[in-house]
Amino acid sequence: MANKNKVLALTGIERHYGQGETTLSILKEANFSLEAGETVALVAPSGTGKSTLLHLAGLLEHPDAGEVWIGGTACGGLPDEKRTAIRRNSVGFVYQFHHLLPEFSALENIMMPQLIAGLSMKEASERARQLLDYMRIGHRADHRPAELSGGEQQRVAIARAVANAPLVLLADEPTGNLDPETASYVFSALEALVRQSGLSALIATHNHDLASRMDRCVTLREGKIIDYDPRKPVQP
Ligand code: ADP
Ligand code: MG
C-alpha cells in the first residue's frame, strides 16, 4: 500500500465538533501525505483547522473517521502506549508558545526527551550542546526559559523537538509570536536544521514569504487539504 512508503499520511480524515444543535465540520474526507525529506507549509486563516490537523497528525487526538499513518504504521487502532511510543520516537512538535519547562535550563529542556527515550546523561547532554550550537545559542545553555528572548526560546523549543531525531517535525505557527525580523531568523534556523538532517516537516504558518521557502504549500478548503501556490494573489 502506498501509505506504507510515506513518512506521514492522512487518509479520509473526518473531524467534527458539536456546537449545540449544529455540527462544525473542520475536516471532511481530508487526505494528505508527506514524503521522506519533504517540507510542506500549511497556510490557512485562523480557525480553519490547522491546529486540529497537526494534533491529529501528531497522535494527540483521534479523528472521527479516517486513518493516520506514521512511518508506514496505521495508528488509529493502536493501544495508547503504542501511540505514545510512536509520538515520542517519530514525531517532534513545536508550538507557537515554546512550552519549555520553566524550572530547567535550555540544555536540560533539550536533554529531557532523550533521557525519557533511554539515552545516558552524557549522550543526551552532548547532543543537546550540538543542537544549541547549531541554533547559535550555545552560550545560553544554562539559562532558564524566562532568561531567554522569544526568539531564543523558540530556537530551544525547535532543538528539543528534533533531539530524538524524529521522522517528522510538526510545527504549529512556530514563529507566529515573534516580530518579523526574529521570525525570519528563527524560521531560517528551523529550515537549515530540517534540511541538514533530512527531516520531513509540516509547518503551519501565516507568513507567505516563509511558506514559499518550503518544498510545497497546502491550505484547508471546505474541510479538504489542497495544494496551494503562495505566490498567487490571496483570494478575498
Ligand atoms: P486554527 O489552528 O487554524 O486556528 P483550530 O484547529 O484551532 O484552527 O480550530 C478550528 C475550528 O475548530 C475553530 O473554529 C475552533 O473554534 C474549533 N475547535 C477547535 N477545537 C475545538 C473543540 N475542542 N471543541 C469545539 N470546537 C473546537
Ligand atoms: Mg492554531
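Predicted model only: the values in this text are computed from it and were never measured. (Residues numbered from 1 in each chain as written. Chains lettered and ligands numbered in written order. Predicted model: local features only at pLDDT ≥ 70, side-chain atom pairs only at ≥ 80, totals over all residues. Heavy atoms only, no water.)

Caption draft 1: Layout of the overall build of the chain. Helix and strand counts for the chain stand at seven helices and ten strands. Overall size of the chain, expressed as C-alpha extent along the three principal axes, is 50 × 45 × 35 Å. Within the chain, the fraction of its 236 residues that count as buried is 46%. Considering only residue pairs separated by 6 or more positions, the chain has 69% of its internal contacts joining residues 24 or more positions apart. Surface exposure of the chain reaches about 11600 Å², of which carbon and sulfur atoms provide 50%. Here the chain contributes 24 positively and 28 negatively charged side chains, and the mean placements of these two sets differ by 3 Å. (Helix = DSSP H or I, 4+ residues; strand = E, 2+ residues; numbered from the N terminus. Buried < 20%, exposed > 50% of the residue type's maximum accessible area, 1.4 Å probe, protein only. Contact = heavy atoms within 4.5 Å. Areas by Shrake-Rupley, 256 points an atom, 1.4 Å probe, with all protein chains shown as cover. Lys, Arg positive; Asp, Glu negative; His and termini not counted. Charge placed at Lys NZ, Arg CZ, Asp CG, Glu CD.)

Caption draft 2: Representation of the pattern of salt bridges. The tally for this structure, following the rule as stated, stands at twelve salt bridges. The shortest N-O distance in the salt bridge between D64 and R15 comes to 3.4 Å. Taken as a pair, D64 in the loop between α1 (50-57) and β4 (65-70) and R15 in strand β1 (residues 8-19) lie far apart in primary sequence, 49 residues in all. By relative accessible area, which is 45% here, D64 ends up partly exposed. Overall, the relative accessible area of 13% leaves R15 in the buried class. In this structure, R216 and E38 form a salt bridge, with 2.9 Å as the shortest nitrogen-oxygen distance. Taken together, the residues R216 in strand β9 (residues 216-221) and E38 in the loop between β2 (22-34) and β3 (39-42) connect sequence positions 178 residues apart. Classification of R216 as partly exposed rests on a relative accessible area of 23%. In this structure, a network of salt bridges that share partners links the residues E191, R195, R213 and D215. (Salt bridge = Lys/Arg side-chain N within 4 Å of Asp/Glu carboxyl O.)

Caption draft 3: Spatial organisation of the pairing of strand β10 (residues 224-228). Where β9 and β10 come together, five bridges link them in antiparallel fashion. The residue bridging T219 from the neighbouring strand is I226, located in β10. The hairpin turn running from β9 into β10, its antiparallel successor, is two residues long, and E222 in that turn takes a positive phi close to 50°. (Pairing = 2+ DSSP bridges.)

Caption draft 4: Quick look at helix α2 (residues 80-90). All of the buried residues in α2 are R83, I86 and S90. Buried positions in α2, seen along its axis, are confined to an arc of 65° and lie on one side of it. In α2, the exposed residues that point more than 90 degrees away from the buried face are D80, E81 and R88. The inward-facing, buried residues of α2 contact β4, β5 (73-74), β6 (91-94) and β7 (168-172). (Arc of directions from axis to C-beta.)

Caption draft 5: Inspection of the sheet that holds β6 at higher detail. On the basis of which strands lie adjacent, the open sheet formed by six strands has the order β6-β7-β8-β3-β9-β10 and mixed pairing. In this open sheet, the two edge strands, each paired with only one partner strand, are β6 and β10. Mean inter-strand twist for the sheet, computed between neighbouring axes without regard to direction, equals 25°. Contacts from α1 reach β3, β6, β7, β8 (200-204), β9 and β10, with the element oriented near 155° to β7. Along the sheet face, helix α6 (residues 180-197) touches β3, β7 and β8 and points at about 160° away from the line of β8. (Axes fitted to C-alpha atoms, helices over the stretch in contact; angles between N-to-C directions.)

Caption draft 6: Seen up close, unusual backbone geometry. The phi dihedral of E29 is positive, around 50°, even though this residue is not glycine. Relative to the helices and strands, E29 resides in strand β2. Of note in the backbone geometry, H99 takes a positive phi value of approximately 55° without being a glycine. Assignment of secondary structure puts H99 in the loop between β6 and α3 (106-116).

None of the figures reported here should be taken as evidence of function without further support.
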